[in-house]
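Reading the structure
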Amino acid sequence: GTSWPNLESAPGGACILTNRPLPAGSEIRVQLRLTPDAPIDKARAVVRWVREVDAAAGHGDMSGAMGIEFIEITGDALTRLKIFIEAKAAAELFA
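Treat the numbers as computed from the prediction; the structure is a model and nothing was measured.

**Observations regarding the pairing of strand S5 (residues 65–73)**
Two elements, strand S2 (residues 13–18) and S5, share five bridges in a ladder whose sense is antiparallel. If you follow leucine 17 over to S5, its bridge partner there is alanine 65. For strand S4 (residues 41–51) and S5, the ladder comprises eight bridges, and the chain directions are antiparallel. Of the residues in S5, the one forming a bridge with alanine 43 is isoleucine 73.

**Here we look at the nonpolar core**
Among the nonpolar cores identified, the biggest contains 15 residues, and Val30, Ala45, Ile68, Phe70 and Leu81 are the most heavily contacted of them. Every element with two or more residues in this core is listed here: S2, strand S3 (27–32), S4, S5 and helix H1 (75–93).

**Details of the side chain of aspartate 41**
Position of aspartate 41 among the secondary structure elements: in strand S4. What makes aspartate 41 buried here is its relative accessible area of 7%. In this structure, aspartate 41 is in contact with Val30, Gln31, Leu32, Ala77 and Arg80, ignoring residues within four places of it in sequence.

Cut-offs used in this document
Residues numbered from 1 in each chain as written. Predicted model: local features only at pLDDT ≥ 70, side-chain atom pairs only at ≥ 80, totals over all residues. Heavy atoms only, no water. Pairing = 2+ DSSP bridges. Helix = DSSP H or I, 4+ residues; strand = E, 2+ residues; numbered from the N terminus. Core = buried A, V, L, I, M, F, W, Y, C linked by side-chain atoms within 4.5 Å. Buried < 20%, exposed > 50% of the residue type's maximum accessible area, 1.4 Å probe, protein only. Contact = heavy atoms within 4.5 Å.

Structure below.
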């Protein structure tokens, strides 16, 4: 599974925390719905790096991660993603 609330953005990509990271070089299609009323944005990405799941952690642990680079995403979708992540970071900072 993948935990989208644990998504961090970088210019042109993102880090996704997951208990099932894909191998580096994998091309993936991503569907993003950042809030229940938001449109579904579609993108293509390539997995650039992987952090394997810590076997000592619990079964549902999200200790694995993968860094993806968007290779096809609309400007509007990227803008919505950046706004979502910035708002999440601000909420955590002032929590």
